[in-house]
Amino acid sequence: MASAASLSDRRMSIGRVFNRAFAALGANAVTMFGIAFLFSALPIALLNLSQAGSGSTRDYITNASVMGGIYLASFVLTQLAQGGLVRATIAHSDHRTVSFGACVATGARYALPLLALGILLGLGLMLGFAFFIVPGIFLYLAWAVAVPALVIERTGIFEAFGRSRFLTRGARWNVFGIGLVMLVLYYVLIAAVGIVTVAVTGLPVAGRDVAAFGTLSSVLTALSTTVSTAVVAAIQTSLYVELRDWKDGPQVDQLSDIFA
């Protein structure tokens, strides 16, 4: 563990976080964006199509059961994507290459623990934001790197929350700044999808052009989900690496060795 004196000699750098994240995305674009598309964006797109085609109220119970199963499968696959993207980012941080299959295997291994973590995190944030928003922000900042902590350090689910609290302590204003930048980028991406959709198809009027509008919107939404999933996971993992180096000191053993 790094001493207080050595901690004061280093600074947690937001610039390094973004540089590391986008360098990983650039070096492993096919793997990272491919995982984000196949296991996050595509299931969500299929889910939306299923919802659009389940308009019959006659088989409401059957439709609800099917939709519930699709929701669960989509959520699990999204967690698989998170685990795979963590591994890809860590490999690049260690100046190593990792295959698409190895990343998917890591994601599959941690999908269920990440599912449980995601449910608990979502419930905690929901309760926090219900109490005048501020507690939710504090919880988000404290738990910002719980996902990579679980995957990289092979912690338990509750230990991942504790590890994240430890790593972010003393750097939460920096974490807040990174979160704010990510939020702005996300809304810019969403706005771009809307602008391009309207520019290409025009607004649907009185039932006309609804199909074209919906199809293009679905395609662009899938693309934006792919980009946002990959970028968020890369930044989150890069933040974890930065905080771990800051708190524990630079790692002698490469982090990616744990996946060997």
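Residues numbered from 1 in each chain as written. Predicted model: local features only at pLDDT ≥ 70, side-chain atom pairs only at ≥ 80, totals over all residues. Heavy atoms only, no water.

Visitor: Let's hear about the pattern of salt bridges: which residues, and what values?
Guide: Counted by the stated rule, this structure contains five salt bridges. Two residues, glutamate 242 and arginine 20, come together in a salt bridge whose shortest N-O distance is 3.3 Å. Here glutamate 242, found in helix H10 (residues 210–248), pairs with arginine 20, found in helix H2 (residues 14–27); they are 222 residues apart in sequence, far enough to count as distant. Overall, the relative accessible area of 3% leaves glutamate 242 in the buried class. Residue classification places arginine 20 among the buried positions, given a relative accessible area of 17%. Residues arginine 163 and glutamate 153 are paired through a salt bridge, measuring 2.8 Å at the closest nitrogen-oxygen approach. In this pair, arginine 163 sits in helix H8 (residues 157–168) while glutamate 153 sits in helix H7 (residues 146–153), placing the two residues ten residues apart along the sequence. (Salt bridge = Lys/Arg side-chain N within 4 Å of Asp/Glu carboxyl O. Helix = DSSP H or I, 4+ residues; strand = E, 2+ residues; numbered from the N terminus. Buried < 20%, exposed > 50% of the residue type's maximum accessible area, 1.4 Å probe, protein only.)

Visitor: How would you explain the packing of aromatic side chains if you had to name every residue and give the values?
Guide: Using the criterion set out here, one finds four aromatic pairs in the structure. Ring geometry for tyrosine 186 against tyrosine 187: centres 5.5 Å apart, planes inclined by 75°, an arrangement best described as edge-to-face. What makes tyrosine 186 partly exposed here is its relative accessible area of 39%. The class for tyrosine 187 is exposed, based on a relative accessible area of 52%. Lying over the aromatic face of phenylalanine 166, lysine 247 brings its terminal NZ or CZ to 4.4 Å of the ring centre. (Phe/Tyr/Trp six-rings, centres within 6.5 Å; stacked < 30°, edge-to-face > 60°. Lys NZ or Arg CZ within 6 Å of the ring centre and 35° of its normal.)

Visitor: Describe a nonpolar patch on the surface, listing the residues and the values that go with them.
Guide: Nonpolar side chains collect at one region of the surface, where Phe129, Ile133, Ile137, Trp173, Phe176, Leu180, Leu183, Val184, Tyr186, Tyr187, Val188 and Ile190 lie side by side and expose about 1,200 Å² of accessible area between them. The leading source of residues in the nonpolar patch is helix H9 (residues 172–201), at nine residues. Take isoleucine 133: it is sitting in the loop between helix H5 (100–130) and helix H6 (134–142). (Patch = residues over 30% accessible without salt bridge, like charges linked within 9 Å, V, L, I, M, F, W, Y side chains within 5 Å. Areas by Shrake-Rupley, 256 points an atom, 1.4 Å probe, with all protein chains shown as cover.)

Visitor: With reference to specific residues and values, describe the packing of H5 against H8.
Guide: Taken N-terminus to C-terminus, the directions of H5 and H8 make an angle of 60°; their axes are 9 Å apart at the nearest point. On the basis of the axis angle, H5 is oblique to H8. Judged by the sense of rotation from one axis to the other, the crossing of H5 with H8 is right-handed. Across from Pro113, Ala116, Leu117, Leu120 and Leu121 in H5, the residues of H8 making contact are Ile157, Phe158, Ala160 and Phe161. Split into classes, the residues belonging to the contact of H5 with H8 amount to nine nonpolar, no polar and no charged. (Axes fitted to C-alpha atoms, helices over the stretch in contact; angles between N-to-C directions. Parallel < 35°, antiparallel > 145°, perpendicular 65-115°, else oblique. Left-handed = near helix turned anticlockwise from the far one by under 90°. Contact = heavy atoms within 4.5 Å. Nonpolar A, V, L, I, M, F, W, Y, C, P; charged D, E, K, R; others polar.)

Visitor: Which residues make up the nonpolar core, and what are the values?
Guide: Met12, Leu117, Ile178, Ile235, Leu239 and Leu243 are the most contacted members of the largest nonpolar core, which has 56 residues in total. With ten residues, the single largest contributor to this core is H10. When near neighbours in sequence (up to four residues on either side) are disregarded, methionine 12 contacts Val17, Ala171, Asn174, Ile178, Leu239, Glu242, Leu243 and Trp246. (Core = buried A, V, L, I, M, F, W, Y, C linked by side-chain atoms within 4.5 Å.)

Visitor: So what's going on with the side chain of serine 238? Residues and values would help.
Guide: Assignment of secondary structure puts serine 238 in helix H10. Among the polar contacts made by the side chain of serine 238, one reaches the main-chain carbonyl oxygen of alanine 234 at a distance of 2.8 Å. With near-sequence residues (within four places) excluded, serine 238 lies in contact with Val17, Arg20, Ala21 and Thr89. (Polar contact = N/O pair within 3.5 Å; in protein donor to acceptor, adjacent residues only side chain to side chain.)

Visitor: Let's hear about the packing of H7 against H8: which residues, and what values?
Guide: Angle between the axes and distance between the axes are the two parameters that describe a pair of packed helices. At a minimum axis distance of 8 Å, the contact between H7 and H8 shows a crossing angle of 120°. By the angle class used here, H7 and H8 are oblique. Every pair of crossing elements has a handedness; the one defined by H7 and H8 is right-handed. Mapping the contact onto sequence places Ala146, Ala149, Leu150 and Glu153 in H7 and Ile157, Ala160, Phe161, Arg163 and Ser164 in H8. The residue inventory of the contact of H7 with H8, partitioned by class, reads six nonpolar, one polar and two charged.

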